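Structural features, examined
Each chain, written out:
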Amino acid sequence: GIPVEVVQDVLRPQKVTPIPLAPLEVIGLMNLRGRVMTAFDVRTRLGVPKNAPDAKPMNVVVGVGNEFYSLVVDSVGDVLDLNIDSVEKPPANM
């Protein structure tokens, strides 16, 4: 899941300009309303096989500090409101 407070936009597939010699998970650059951002393929980053060619992935635009990134995901589900007490802390080695 992605914290909803960092999500800026959820978009249908967008035009992406490839970046030569970029890592495999970097799809390329995308221009959203004059703001250029890097688009990442989440499937590739997680080591999950490619989706079917006719799949219609979504772009989730997230903001980290003053930078914005597009995460290409299979789909977008529900927004859940979780009680903070029900969330486990990550292990100390992470």
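Located above this text is the structure these notes cover.
Everything numeric in this text was worked out from a predicted model, so none of it was measured.

Reading guide: rules and limits
- Residues numbered from 1 in each chain as written.
- Predicted model: local features only at pLDDT ≥ 70, side-chain atom pairs only at ≥ 80, totals over all residues.
- Heavy atoms only, no water.
- Helix = DSSP H or I, 4+ residues; strand = E, 2+ residues; numbered from the N terminus.
- Contact = heavy atoms within 4.5 Å.
- Areas by Shrake-Rupley, 256 points an atom, 1.4 Å probe, with all protein chains shown as cover.
- Lys, Arg positive; Asp, Glu negative; His and termini not counted.
- Charge placed at Lys NZ, Arg CZ, Asp CG, Glu CD.
- Salt bridge = Lys/Arg side-chain N within 4 Å of Asp/Glu carboxyl O.
- Buried < 20%, exposed > 50% of the residue type's maximum accessible area, 1.4 Å probe, protein only.
- Pairing = 2+ DSSP bridges.

**Digging into the overall build of the chain**
For the chain, the count of helices and strands is 1 helix and 5 strands. Listed by position from the N terminus, the elements making up the chain come as β-β-β-α-β-β. Seen through its principal axes, the chain has C-alpha atoms that stretch 45 × 30 × 30 Å. In the chain, the share of contacts with a sequence separation of at least 24, taken over all contacts with a separation of at least 6, comes to 43%. Just so you have it, the chain exposes about 7600 Å², and 57% of that area is on carbon and sulfur atoms. In the chain, which carries 9 positive and 11 negative side-chain charges, the distance between the mean positions of the two groups comes to 9 Å.

**So, the pattern of salt bridges**
The tally for this structure, following the rule as stated, stands at 3 salt bridges. When the shortest N-O distance is used, the salt bridge between K50 and D41 registers 3.1 Å. Residue D41 is classed as buried on the basis of its relative accessible area of 12%.

**Points about the pairing of strand 2 (residues 26–32)**
Sheet analysis places strand 2 next to strand 3 (residues 35–41), joined by 6 bridges and oriented antiparallel. The partner of V26 across the bridge, within strand 3, is F40. Hairpin connection from strand 2 to strand 3: 2 residues lie between these consecutive antiparallel strands, with R33 at a positive phi of about 50 degrees.

Purely spatial values, then, with no claim about function.
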